[in-house]
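Each chain, letter by letter, is given below.
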Amino acid sequence: MKNIAPAIFPPNGIGDTKPTNQAVLDWVREIGKLTKPENIFWCDGSERENEFLIAESLKQNVLIKLNEKKVPRSYLHRSNPNDVARVEKVTFICTPTKEEAGPTNNWSEPADTYTKLYGLLNGAMRGRTMFVVPYIMGPPNSPLTKVGFEITDSKYVVLSMRIMTRMGKIALNRLGNDPKAEWNRGVHSLLDVDPDRRFICHFPQDNTIISVGSGYGGNVLLSKKCFALRIGSYLARKQGWMAEHMLILGVESPEGKKHYVAAAFPSACGKTNFAMLIPPKHFKGWKVTTVGDDITWMEIRDGRLFAVNPENGYFGVVPGTSYKSNPNAMKSIEHDTLYTNVALTDDNDVWWEGKDGAPPKHAIDWRGNDWTPDSKEKAAHPNSRFATPMRNNPALDPDVEKGEGVPISAIIFGGRRSDTVPLVYEAFDWNHGVYLGATMASETTAAATGAVGKVRRDPMAMLPFCGYNIGDYFKHWIDIGKRLTNPPLIFNVNWFRKGENGKFLWPGFGENMRVLKWVIDRCERRGGALKSPVGWLPGPHDLDLGELDIDHKSVADLLGIDHEEWQKELAEHKTFFDSLGGVVPEELLRQRKRLVARFNE
């Protein structure tokens with residue numbers, strides 16, 4: 001087997017920062033004995049280390065240096081064409097019983113799974129360097145912050161983890177020397193990147209993740225979906241907080257009044273766009289800032305939810321990102337960015353479908369082949385990515401590092417639906433809002449392998465990320481509500497409704513500020529609304545549509561409730577709940593009955 005990750009040999013002073021915690025040292029020794037690497041590289045997150053790793057990655061063709069003038073200090077990585085997205089069918093939750101994993105997860109028995117994985121890892125790092133990456137998730141001084149260690153044989157993973165987490169000595173300091181301290185154990189090996197030997201396995205009771213056979217970010221940056229959501233949600237339930245697949249944005253009025261909003265959308269449904277929204281000219285003086293674009297950890301304090309972004313960077317979908325759709329994202333990825341599976345132009349710049357300006361006359365596509373505008377294949381993979389530090393974002397919220405987090409005024413759920421679901425509506429109360437989240441659905445995109453465009457239920461956008469039984473997860477939401485004296489209002493949005501001509505009715509992007517403004521008005525108890533069977537809908541004059549080129553019919557269609565379509569929707573809610581096999585809490589079944597009754601009134 002060709003060694004796809006040959007060992008590297010650092011000079012003195014690089015790769016030798018060992019932790020002092022004996023539990024970590026024992027674990028690294030155990031994994032080293034199993035995987036048999038050429039050498040062990042202890043990461044410290046320093047600039048010198050980063051420069052050395054980049055130089056070695058360029059030598060070994062793991063990275064391609066991009067044009068220094070056009071995209072300074074930025075690089076392109078190409079993953080294996082068989083390894084370009086999260087693979088849900090080989091992602092497992094390994095709990096002692098199948099019931100604990102629940103009906104929406106792939107379950108695997110822990111002891112058997114360890115045996116299988118250790119068999120695959122046996123000698124897997126021969127001739128390779130084993131990197132030990134210490135990191136924290138969360139602001140350095142937050143009570144919610146967690147420590148993780150990822151062992152990997154991929155330089156791409158180390159370089160990405162440095163962007164996506166607070167990596168290095170900061171984690172060693174946070175962990176300290178207590179051998180009983182809580183920390184996440186992550187083991188990753190590329191093996192030979194064979195889809196038949198690809199597994200992403202989570203052991204919630206052991207706070208452990210093992211991922212083999214993939215080099216793609218979502219499967220191998222174990223801090224992200226694996227730890228921050230799958231293991232995180234399990235810890236959150238046990239410890240009384242929340243780990244959610246949500247962005248956090250701040251919105252400030254011209255008078256200086258500020259609210260924070262958390263929003264859950266499935267992957268590739270505009271989370272990053274919404275998190276970095278730039279208000280249109282009509283909203284002069286309004287400011288939107290980004291706390292996070294993907295993952296939110298929340299705890300209850302003083303009867304309210306306070307949220308932190310556990311990440312340190314953005315791992316966003318590139319195609320469709322432009323100065324028109326997301327100027328702040330474009331500014332964020334102008335420098336110090338690691339691109340994956342985009343196209344390379346002849347002057348070593350990056351290109352993707354939907355980027356501003358004309359397509360290049362010639363480029364090298366994401367697979368490394370010649371490409372022209374006449375080519376049948378796309379130049380960039382539909383799920384190509386950027387990893388960039390959050391510091392690059394010109395709209396970064398000033399309180400992003402606040403240890404106690406920011407207070408959440410509203411939670412928004414939203415999916416990609418071409419019909420049925422209105423542009424925006426508000427839940428009647430917390431439990432009704434939990435029902436909205438539990439039944440939300442989206443038309444699938446390229447962010448996960450499988451058919452694109454199929455409507456699938458994706459509760460709270462957590463279907464692929466909940467680390468335990470989804471029924472217990474719903475119950476955890478309901479229990480959280482009981483402890484809140486000042487709960488956030490809950491809303492549902494749908495930017496993707498289409499008209500009879502098949503075109504989107506809503507312009508989206510920055511114009512979503514108009515919906516956000518109504519959400520804030522409702523939080524301040526001053527926005528108008530009409531009662532409908534599904535929740536509170538804005539009336540025709542409650543949304544500020546000033547200077548927007550949109551006709552009355554489109555607005556009516558966007559906010560309309562088609563009873564026939566909703567009868568189908570209600571039937572699908574029942575089918576979905578039934579498919580979960582009796583785990584849905586009684587309160588949500590009651591919410592469904594009430595919804596049906598409201599339609600029959």
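In this text the structure is predicted, and so the values were computed from the model without any measurement.

Draft legend 1. Broad picture of the packing of aromatic side chains. For the structure on display, the rule yields 26 aromatic pairs. Relative to Trp495, the ring of Phe274 lies with its centre 5.4 Å away and its plane at 55 degrees, an arrangement referred to as tilted. Taken together, the positions of Phe274 in helix H9 (residues 271-275) and Trp495 in the loop between strand S29 (489-493) and helix H13 (513-523) put the pair 221 residues apart, joining distant regions of the chain. Phe274 gets classed as buried once you look at its relative accessible area, which sits at 2%. Residue Trp495 is classed as buried on the basis of its relative accessible area, which comes to 7%. Between Phe413 and Trp477, the ring centres sit 5.8 Å apart and the planes meet at 50 degrees, which makes this aromatic pair tilted. Here the residue Phe413 occupies a position in strand S25 (residues 406-414), and Trp477 occupies one in helix H12 (residues 470-483), the gap between them amounting to 64 residues. Among the residues examined, Trp477 registers a relative accessible area of 0% and is labelled buried. In textbook terms, an aromatic cluster arises when at least three aromatic residues are bridged by ring pairs, as seen for Tyr135, Phe227, Trp241 and Trp297. The ring of Trp183 has Arg185 sitting right over it, with the charged end atom 3.7 Å from the ring centre. Lying over the aromatic face of Phe496, Arg416 brings its terminal NZ or CZ to 4.1 Å of the ring centre.

Draft legend 2. Spotlight on unusual backbone geometry. The backbone of Asn348 sits at a positive phi, close to 60 degrees, despite the residue not being glycine. Here Asn348 lies in the loop between strand S20 (343-345) and strand S21 (350-351). Taking relative accessible area as the criterion, Asn348 reaches 29% and is therefore assigned partly exposed. Positive phi, normally seen in glycine, also occurs at Ala461, with a value near 60 degrees. Along the chain, Ala461 turns up in the loop between strand S28 (455-457) and H12. The exposure class of Ala461 is buried, given its relative accessible area of 1%.

Draft legend 3. Region of the structure containing the sheet that holds strand S24 (residues 385-389). If you trace the 5 strands from one edge of the open sheet to the other, you get S2-S3-S19-S24-S18, paired in mixed fashion. Strands with a single pairing partner mark the edges of an open sheet, and in this sheet they are strand S2 (64-65) and strand S18 (313-317). The pairing of S18 with S24 spans 5 bridges and is antiparallel. Its bridge partner lying in S24, Val317 is registered against Arg385.

Draft legend 4. How the structure looks around the nonpolar core. Leu305, Tyr339, Ile408, Ile411 and Trp477 are the most contacted members of the largest nonpolar core, which totals 149 residues. No other element matches the 8 residues that helix H8 (residues 223-239) contributes to this core. Every residue in contact with Leu305, bar those within four places of it in the chain, is listed here: Met242, Met298, Glu299, Ile300, Val406, Pro407, Ile408, Ile411, Trp430, Ile480, Leu484 and Pro488. Core analysis: the next-biggest nonpolar cluster, separate from the first, contains 38 residues, Leu277, Trp286, Leu489 and Trp518 among them.

What counts, and at which threshold
Throughout this document, residue positions are counted from 1 along each chain, in the order its sequence is written. The model is predicted, so local features are restricted to residues of pLDDT at least 70 and side-chain atom pairs to those at 80 or more, both for listing and for counting; the totals for chains, interfaces and linings are taken over all residues. Excluding hydrogens and water, the side-chain figures rest on all heavy atoms present in the structure. In this scheme Phe, Tyr and Trp rings, the latter by its six-membered ring, pair at centre separations within 6.5 Å, and the angle between planes marks the pair as stacked below 30 degrees, edge-to-face above 60, and tilted otherwise. In this description a helix means any DSSP run of H or I spanning at least four residues, a strand means any run of E spanning at least two, and both kinds are numbered starting from the N terminus. Remark: exposure states derive from per-residue accessible area (1.4 Å probe, protein chains only) relative to the maximum for the residue type, with buried under 20%, exposed over 50%, and partly exposed in between. Here, over-ring charges are defined by two tests on the NZ atom of lysine or the CZ atom of arginine: distance to the ring centre within 6 Å, and angle to the ring normal within 35 degrees. The rule for pairing is simple: two strands pair if DSSP sees at least two bridges between them. In these notes, a set of buried Ala, Val, Leu, Ile, Met, Phe, Trp, Tyr and Cys residues joined through side-chain atoms within 4.5 Å is what counts as a nonpolar core. By definition in these notes, contact holds between two residues if any of their heavy atoms fall within 4.5 Å.

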